[in-house]
Amino acid sequence: EDVSPKELEDVLRLEYRSKLLNPKWAEAMLKQGSGGAYEVSTRITALLGWGATADFAEDWVYDQATDYYVNQEEVAAQLRKANPQAFHNILKRSIEAARRGFWDPDEEQLEKLIQMFNEMDAELEGMTQ
């Protein structure tokens, strides 16, 4: 039996495939409401952290996470309603990942994230109804 340690990148790929990008896990998080939205948010923050500390920067993880949690309007609305601060953090961390070079989204995707972030920021600050 092989007991050698696994490469960090392999462990992270498995982690993101089995949790954040796994449709069953994602659905379970959505059903949990505020706590589930918070959990998604913390995993996005951790993804950014792995980019900063271990140079883990794989576009497919951010692409798939953004496609599901942000671009699918029903999912985004559910996260936003359940925990507006968590959804705001998902947007903020995604933008930060792009700006720090951990993710290379297309220009349209980045603009959408920035627009949604600004809307959420205004909402959380009480500047919109």
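These remarks concern the structure in this document.

Scoring rules and cut-offs
- Residues numbered from 1 in each chain as written.
- Predicted model: local features only at pLDDT ≥ 70, side-chain atom pairs only at ≥ 80, totals over all residues.
- Heavy atoms only, no water.
- Helix = DSSP H or I, 4+ residues; strand = E, 2+ residues; numbered from the N terminus.
- Rg over C-alpha atoms; globule rule 2.2 N^0.38 Å.
- Buried < 20%, exposed > 50% of the residue type's maximum accessible area, 1.4 Å probe, protein only.
- Contact = heavy atoms within 4.5 Å.
- Axes fitted to C-alpha atoms, helices over the stretch in contact; angles between N-to-C directions.
- Parallel < 35°, antiparallel > 145°, perpendicular 65-115°, else oblique.
- Left-handed = near helix turned anticlockwise from the far one by under 90°.
- Phe/Tyr/Trp six-rings, centres within 6.5 Å; stacked < 30°, edge-to-face > 60°.
- Salt bridge = Lys/Arg side-chain N within 4 Å of Asp/Glu carboxyl O.
- Expected span 1.5 Å × (residues − 1).

Let's talk about the overall build of the protein chain
Here comes step 1: Along the backbone of the protein chain there are 7 helices and 0 strands.
Here comes step 2: Ordered by position from N to C terminus, the α and β elements of the protein chain give α-α-α-α-α-α-α.
Here comes step 3: Its C-alpha atoms give the protein chain a radius of gyration of 15 Å, within 12% of the compact-globule value 14 Å for 129 residues.
Here comes step 4: Its C-alpha atoms give the protein chain principal-axis dimensions of about 60 × 30 × 20 Å.
Here comes step 5: Going through the 129 residues of the protein chain one by one, you find that 40% of them count as buried.
Here comes step 6: Excluding contacts between residues fewer than 6 apart, the proportion of contacts in the protein chain whose partners are at least 24 apart in sequence is 67%.

Observations concerning the packing of helix α4 (residues 59-71) against helix α7 (residues 107-124)
Here comes step 1: Closest axis-to-axis distance for the α4/α7 pair is 12 Å, and the angle between their directions is 40°. Between α4 and α7, the crossing angle belongs to the class labelled oblique. Crossing hand, α4 versus α7: left-handed. Residues T66, D67, V70 and N71 of α4 form the contact with α7, whose own contacting residues are Q109, K112, L113 and M116.

Some thoughts on the packing of aromatic side chains
Here comes step 1: Evaluated as defined, the whole model comprises 3 aromatic pairs.
Here comes step 2: Seen in terms of ring centroids, Y16 and F56 are 6.3 Å apart; in terms of plane orientation they differ by 20°. Their pairing is stacked. Here Y16 is found in helix α1 (residues 8-18), whereas its partner F56 is found in the loop between α3 (34-54) and α4, with 40 residues between them in sequence.
Here comes step 3: Classification of F56 as buried rests on a relative accessible area of 2%.
Here comes step 4: Judged by centre distance (4.9 Å) and plane angle (90°), the ring pair of Y68 and Y69 falls under edge-to-face.

What about the pattern of salt bridges?
Here comes step 1: Tallying each qualifying case throughout the model produces 7 salt bridges.
Here comes step 2: Among the salt bridges present, the one from D10 reaches R13, with a minimum N-O distance of 2.8 Å. Pair noted here: D10 and R13 are both in helix α1, with a separation of 3 residues, about one helical turn.
Here comes step 3: Relative accessible area serves as the criterion here: at 22%, R13 is assigned to the partly exposed category.

Notes on helix α6 (residues 84-99)
Here comes step 1: Taking 1.5 Å of rise per residue, the 16 residues of α6 would be expected to cover 22 Å, and the 23 Å separating its terminal C-alpha atoms lies within 8% of that figure.
Here comes step 2: Listed as buried for α6 are A86, F87, H88, N89, I90, L91, S94, I95, A97 and A98.
Here comes step 3: Packed against the buried residues of α6 are α3, α4, α5 (73-82) and α7.
Here comes step 4: The first or second residue beyond α6 is G101, which carries a positive phi of 85°.

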